[in-house]
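As a plain string of letters, each chain reads:
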Amino acid sequence: MRKQMILLVFMTFMGCELGGRLDIQDMGDSGGYFLECYCIPGDRFHLTATLLSPISEPQLLDYSLEFDIYIQGDEQIKLYQSLYIHPDKSFIYNYASPQVVAPPACGYFELFVTGPGGEEIYARTAFPDQVYLDTVRIDKKQVSYTFAGSEHTAFNYYIASVFFLRRG
C-alpha cells in the first residue's frame with residue numbers, strides 16, 4: 001500500500017536581537033514571575049503568567065494568579081484569564097485575547113502587565129514582515145528551504161516547525 005505524506009510547514013518569525021548577552025546574576029536568591037507571550041499571525045494572543053519559586057525550590061506552576069494584561073499595537077487588546085490548551089501545539093496557557101493577531105501598522109507590540117502584588121511589567125517587541133519561502137526540498141528525512149533574510153539584524157531570528165502526517 002502506498003503511503004502518501006503531506007508536509008505542513010508552519011513558520012513563526014519574531015524579532016530578536018542576535019548576538020546579545022543576558023546578564024543573569026543571583027538567580028537563586030528570590031522568585032519572580034514567568035511571562036511568555038505568543039503573537040502568531042492568524043491566531044489569538046496567548047500568554048502564560050505564573051509565579052516562579054527560587055531556583056533551589058520545586059517549581060509549582062500556579063495558573064490561578066490574577067494579572068491585569070494588555071497588549072498595545074494599533075489598538076489596545078485585553079487578555080482574559082482562563083485555562084487554555086492550544087489545540088495544535090499541546091501548549092497550556094492562562095491568558096488569551098478574543099482577537100486574532102494581525103501585523104500592526106506601527107511595527108511593534110507592547111505588553112503591559114500588572115502583577116498580583118501591583119508590580120508593573122513592560123515589554124516591547126518588533127513585529128517583522130512575513131518571510132516567504134523561495135524553495136522547499138524534501139529528501140527522505142531531510143527538509144531544506146531557502147528564503148531571503150532581512151537587512152535588519154534584529155529581524156533575522158526564525159523558528160521553523162515541520163510536521164509530517166502519514167495517510168494510508
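This text goes with the structure placed above it.
Residues numbered from 1 in each chain as written. Predicted model: local features only at pLDDT ≥ 70, side-chain atom pairs only at ≥ 80, totals over all residues. Heavy atoms only, no water.

Visitor: Would you take a moment to explain the sheet that holds strand β6 (residues 91–100) for this structure?
Guide: Strands belonging to one sheet form pairs held by backbone hydrogen bonds; the direction of such a pair is parallel or antiparallel. Pairing in this open sheet of 7 strands is antiparallel, and the strands run β2-β3-β6-β5-β4-β7-β8 from one edge to the other. Unpaired on one side and paired on the other, β2 (32–38) and β8 (120–126) mark the two borders of the sheet. On average, adjacent strands in this sheet sit at an angle of 30° to one another, irrespective of strand direction. (Pairing = 2+ DSSP bridges. Helix = DSSP H or I, 4+ residues; strand = E, 2+ residues; numbered from the N terminus. Axes fitted to C-alpha atoms, helices over the stretch in contact; angles between N-to-C directions.)

Visitor: Please clarify how the nonpolar core should be interpreted in this entry.
Guide: Proteins that are soluble and globular tend to have nonpolar side chains buried together. By size, the foremost hydrophobic cluster in this structure holds 16 residues, and its most contacted members are Phe45, Leu47, Phe67, Ile69, Leu79, Tyr95 and Phe109. For this core, the secondary-structure elements that each account for two or more residues are β3 (44–52), β4 (68–72), β5 (76–86) and β7 (108–114). Here Phe45 is in contact with Tyr38, Cys39, Ile71, Ile77, Leu79, Tyr95, Ala96, Ser97, Gln99, Val100, Val101 and Phe109, once residues within four sequence places are set aside. (Core = buried A, V, L, I, M, F, W, Y, C linked by side-chain atoms within 4.5 Å. Buried < 20%, exposed > 50% of the residue type's maximum accessible area, 1.4 Å probe, protein only. Contact = heavy atoms within 4.5 Å.)

Visitor: Would you mind going over the side chain of Asn94 with me for this structure?
Guide: With respect to the secondary-structure elements, Asn94 resides in strand β6. At 3.3 Å, the side chain of Asn94 forms a polar contact with the backbone oxygen of Tyr63. The contact partners of Asn94, leaving out residues within four places of it in the chain, are Leu47, Thr48, Ala49, Tyr63, Tyr80, Gln81, Ser82 and Tyr84. (Polar contact = N/O pair within 3.5 Å; in protein donor to acceptor, adjacent residues only side chain to side chain.)

Visitor: What exactly am I supposed to notice about the packing of aromatic side chains here?
Guide: Within this structure, the stated rule accounts for 5 aromatic pairs. Look at Tyr84 and Tyr93: their rings are 5.2 Å apart centre to centre, the planes differ by 10°, and that puts the pair in the stacked class. What makes Tyr84 buried here is its relative accessible area of 17%. Residue Tyr93 is classed as buried on the basis of its relative accessible area, which comes to 3%. When the ring of Phe112 is compared with that of Tyr122, the centres are 5.3 Å apart and the planes differ by 50°; the resulting orientation is tilted. Here Phe112 is found in strand β7, whereas its partner Tyr122 is found in strand β8, with 10 residues between them in sequence. Residue classification places Tyr122 among the partly exposed residues on the basis of a relative accessible area of 45%. Three or more aromatic residues link up through ring pairs in this structure, and these residues are Tyr33, Phe67 and Tyr95. The ring of Tyr80 has Lys78 sitting right over it, with the charged end atom 5.6 Å from the ring centre. The positively charged end of Arg124 is found above the aromatic ring belonging to Tyr108, 3.6 Å away from the centroid. (Phe/Tyr/Trp six-rings, centres within 6.5 Å; stacked < 30°, edge-to-face > 60°. Lys NZ or Arg CZ within 6 Å of the ring centre and 35° of its normal.)

Visitor: Just to check I follow, could you spell out the state of the cysteines for this structure?
Guide: Applying the stated criterion across every chain, the model contains 0 disulfides. For the unlinked cysteine Cys39, the closest cysteine sulfur is that of Cys37, found at 4.1 Å. (Disulfide = S-S within 2.5 Å.)

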